[in-house]
Every structure is written in structure tokens, then in C-alpha cells.
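Fold and contact review
Here are the chains, one letter per residue:
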Amino acid sequence: MMPIKTTIVGTGNVGFHLASQLGKSKDIQLTHIVSREKSRAETLINQLGLADSDPLQVNELPSIISDLIILSVPDQKLPEVIEGIDFPADTVVVHTSGSQPMEILTSHTSIGVLYPFQTFTKSQQVNFSEIPIFIESNSSESLELIQKVASVLSQNVKVVSSKDRQKVHLAAVYACNFTNHLYRIAEEILADADLDLKDLEHLMRETVSKAVSISAAKAQTGPAIRGDENIIQKHLTLLHNQPEKSEVYKLLSNQIASLKEK
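On a predicted model such as this, the values are computed, not experimentally measured, just so you know. (Residues numbered from 1 in each chain as written. Predicted model: local features only at pLDDT ≥ 70, side-chain atom pairs only at ≥ 80, totals over all residues. Heavy atoms only, no water.)

Re the overall build of the protein chain
From N to C terminus, the protein chain includes 10 helices and eight strands. Along the first, second and third principal axes, the C-alpha atoms of the protein chain reach 70 × 40 × 35 Å. A separation threshold of at least 6 residues defines the contact pool for the protein chain, and within that pool the share at least 24 residues apart is 55%. Of the roughly 15700 Å² that the protein chain leaves accessible, carbon and sulfur atoms contribute 51%. Considering the protein chain, the positive charge centre built from 24 side chains and the negative charge centre built from 31 side chains are found 5 Å apart. (Helix = DSSP H or I, 4+ residues; strand = E, 2+ residues; numbered from the N terminus. Contact = heavy atoms within 4.5 Å. Areas by Shrake-Rupley, 256 points an atom, 1.4 Å probe, with all protein chains shown as cover. Lys, Arg positive; Asp, Glu negative; His and termini not counted. Charge placed at Lys NZ, Arg CZ, Asp CG, Glu CD.)

Next comes the structure, spelled out in C-alpha cells:
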């Protein structure tokens with residue numbers, strides 16, 4: 001099989017990790033890294049040692065020859081990036097957004113989605129083989145190409161519609177973004193006791209493990225699910241001069257208690 005000529009637009013966290021992973025594969029020819037500022041593309045290419053990739057500015061996209069263009073830009077910037085670009089006619093164009101529908105690309109003929117379901121930071125290595133990749137396309141031919149590229153990245157590739165992908169993204173905000181905010185609150189509380197999150201790591205890991213293995217509903221523990229008002233009031237007393245943390249505590253405790261009653 002001839003290597004799939006692939007172009008990545010975007011040099012942020014997602015683009016960085018996609019380029020790093022795809023650049024290692026003999027099945028992918030990573031032809032171009034594209035950014036609004038060519039210097040950013042050059043920096044990423046040099047950083048990852050992508051000797052066979054060329055840096056481009058966005059306005060140079062129409063002139064390239066590529067089988068697949070991956071738009072790895074922030075969700076809110078995607079409409080702006082798409083507007084005014086005439087993608088090469090014979091190229092499949094996909095985005096990596098969890099919240100944007102595939103149809104945002106309908107100005108082009110062959111479109112799709114390649115959504116790596118993970119939170120990315122450039123400084124943090126990830127094991128791509130374990131990351132779910134959710135894909136979608138408007139044709140069977142394009143889907144086959146997207147699936148081949150996704151399979152280079154991960155062993156866990158699923159076809160998921162835009163409607164369901166948005167639900168996955170919403171669930172991820174609860175499970176990842178909101179949970180991380182709660183970790184931050186816990187971190188601040190621990191700091192007052194000269195401790196840190198490492199002292200909770202065993203508990204955090206066990207909570208995730210049980211939620212996945214037996215379901216989050218069955219794994220719920222703590223004073224709210226037990227109806228232990230004595231402990232709840234003690235906790236609220238500790239938070240008496242921190243009204244925002246107190247409100248979060250009350251809201252979550254009330255929700256947990258109400259679910260027990262159902």
C-alpha cells in the first residue's frame with residue numbers, strides 16, 4: 001500500500017501529538033504541517049524531527065497534493081479556519097473536534113471527523129494505542145481512508161455520528177474538566193494541611209477503576225449517599241469562610257442524596 005499523504009493544520013496540543021504519532025508510521029507520508037504563521041509549523045517540524053514534512057501557511061493549502069487534511073484547531077476557531085479556504089478537490093478533509101458537527105465542512109465534497117477522545121498537553125506523553133478514536137464521514141470511500149489513518153493511531157476506532165459525539169463530548173466535560181476542577185479544590189484544601197494530591201492518588205485511581213468496572217452509580221460512597229448529616233455539617237463548618245467551595249459541596253451533596261432516593 002502506498003503511504004497515505006496526510007496534512008495537519010494546526011500546531012497546538014492536538015496537532016502536536018497527531019504529528020508526533022503519524023510521523024513515525026511507514027503507512028503515512030506526513031507531507032505538510034500548516035499554521036497561520038509558517039514559523040510555528042517550522043518549529044513543530046524541527047521539534048519532532050519531521051524531515052520529510054514541509055511547513056505551510058493556511059493560504060497555501062489550495063495548492064497542495066494530499067489524500068487527507070486534518071484540521072486540528074480549537075473548536076471555537078474551526079468555522080473561522082474553514083471560511084474562505086478552497087481545499088484541494090480530491091482531498092478528504094476532516095476535523096478533530098468533539099463538539100462541532102461534521103456538516104460544518106459541507107463546503108467541501110469529501111468530509112469527515114477524526115476525533116481522538118483524550119485531553120492533550122504537549123509536555124505530557126500519551127499512549128495513542130489506547131485512545132478511542134471516533135470517526136465519521138459522508139461517504140464509504142472517505143470513511144475507509146479515515147479508518148486507515150485512525151488505525152495507525154489507535155487500536156480502538158469507532159464510527160460515531162455527530163449527534164452521539166456531542167453527547168460523548170458533554171460526558172467528557174463532566175468526567176474530565178469538571179472532575180479536574182474538583183481535584184483543584186481538593187488540592188487547595190490539602191495545601192492547608194501541608195499535603196498534596198499525591199496523598200489522594202490511590203483513592204482517585206480506585207474511584208475511576210470502580211466507576212468503570214461496576215458503574216459510577218454503584219461505586220458512589222461518602223456522607224451524602226449515606227445520609228450522614230453530621231459529617232456533612234462538619235465539612236461545611238471547615239468551609240465556612242470559603243463560600244464558593246461550600247456551594248459546590250452543597251450542590252453535589254444534594255444531587256447525590258436525591259439520586260439515592262430514586
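Structure's up, so let's keep going.
Observations regarding the environment of Val34
Assignment of secondary structure puts Val34 in strand 2 (residues 28–35). Judged by relative accessible area, which is 0%, Val34 ranks as buried. Val34 sits 25 residues away from Val9 along the chain, and the two C-alpha atoms are 4.5 Å apart. (Buried < 20%, exposed > 50% of the residue type's maximum accessible area, 1.4 Å probe, protein only.)

So, a nonpolar patch on the surface
Side chains of Leu170, Tyr174 and Phe178 sit close together on the surface and give an oily, nonpolar patch of about 340 Å² of accessible area. Note that Phe178 resides in helix 5 (residues 162–191). (Patch = residues over 30% accessible without salt bridge, like charges linked within 9 Å, V, L, I, M, F, W, Y side chains within 5 Å. Salt bridge = Lys/Arg side-chain N within 4 Å of Asp/Glu carboxyl O.)

Some words on helix 5
Taking 1.5 Å per residue as the helical rise, helix 5 with its 30 residues ought to reach 44 Å, and the 42 Å between its terminal C-alpha atoms agrees with that figure. Remark: the principal bend of helix 5, roughly 35°, maps to Val173. Along helix 5, the positions that sit buried rather than exposed are Ser162, Arg165, Ala172, Val173, Ile185, Ala186 and Leu190. (Expected span 1.5 Å × (residues − 1). Bend = angle between axes of the 7 residues up to and from the residue.)

Considerations on the packing of helix 1 (residues 13–22) against helix 2 (residues 38–48)
At a closest axis distance of 10 Å, the pairing of helix 1 and helix 2 adopts a crossing angle of 40°. As the angle between them shows, helix 1 and helix 2 are arranged oblique. Judged by the sense of rotation from one axis to the other, the crossing of helix 1 with helix 2 is right-handed. On the side of helix 1, the interface is formed by Phe16, Ala19 and Ser20, while helix 2 contributes Leu44, Gln47 and Leu48. For the contact of helix 1 with helix 2, the class distribution of residues is four nonpolar, two polar and no charged. (Axes fitted to C-alpha atoms, helices over the stretch in contact; angles between N-to-C directions. Parallel < 35°, antiparallel > 145°, perpendicular 65-115°, else oblique. Left-handed = near helix turned anticlockwise from the far one by under 90°. Nonpolar A, V, L, I, M, F, W, Y, C, P; charged D, E, K, R; others polar.)

Brief notes about the nonpolar core
One broad rule of soluble globular proteins: the nonpolar side chains tend to lie buried together. With 28 residues, the main nonpolar core has Ile33, Leu68, Leu114 and Ile133 as its most contacted residues. Secondary-structure elements contributing two or more residues to this core are strand 1 (4–9), helix 1, strand 2, helix 2, strand 4 (68–71), strand 5 (92–95), strand 7 (133–137) and helix 4 (140–153). Per-element tally for this core: the top contributor is helix 4, with five residues. Residues contacting Leu114, with those up to four places away along its chain left out, are Val94, His95, Thr96, Ile133, Phe134, Ile135, Ile146, Val149, Ala150 and Leu153. Counting 22 residues, the second-largest nonpolar core is a separate cluster that includes Val9, Ile82, Phe134 and Val160. (Core = buried A, V, L, I, M, F, W, Y, C linked by side-chain atoms within 4.5 Å.)

Re unusual backbone geometry
Phi is positive for Asp194, which is not a glycine, with a value near 60°. Looking at where Asp194 falls in the secondary structure, it is placed in the loop between helix 5 and helix 6 (201–214). The exposed category is assigned to Asp194, whose relative accessible area is 74%. With phi around 95°, Ser215 is a residue other than glycine that occupies positive phi space. Structurally, the position occupied by Ser215 is in the loop between helix 6 and helix 7 (216–219).

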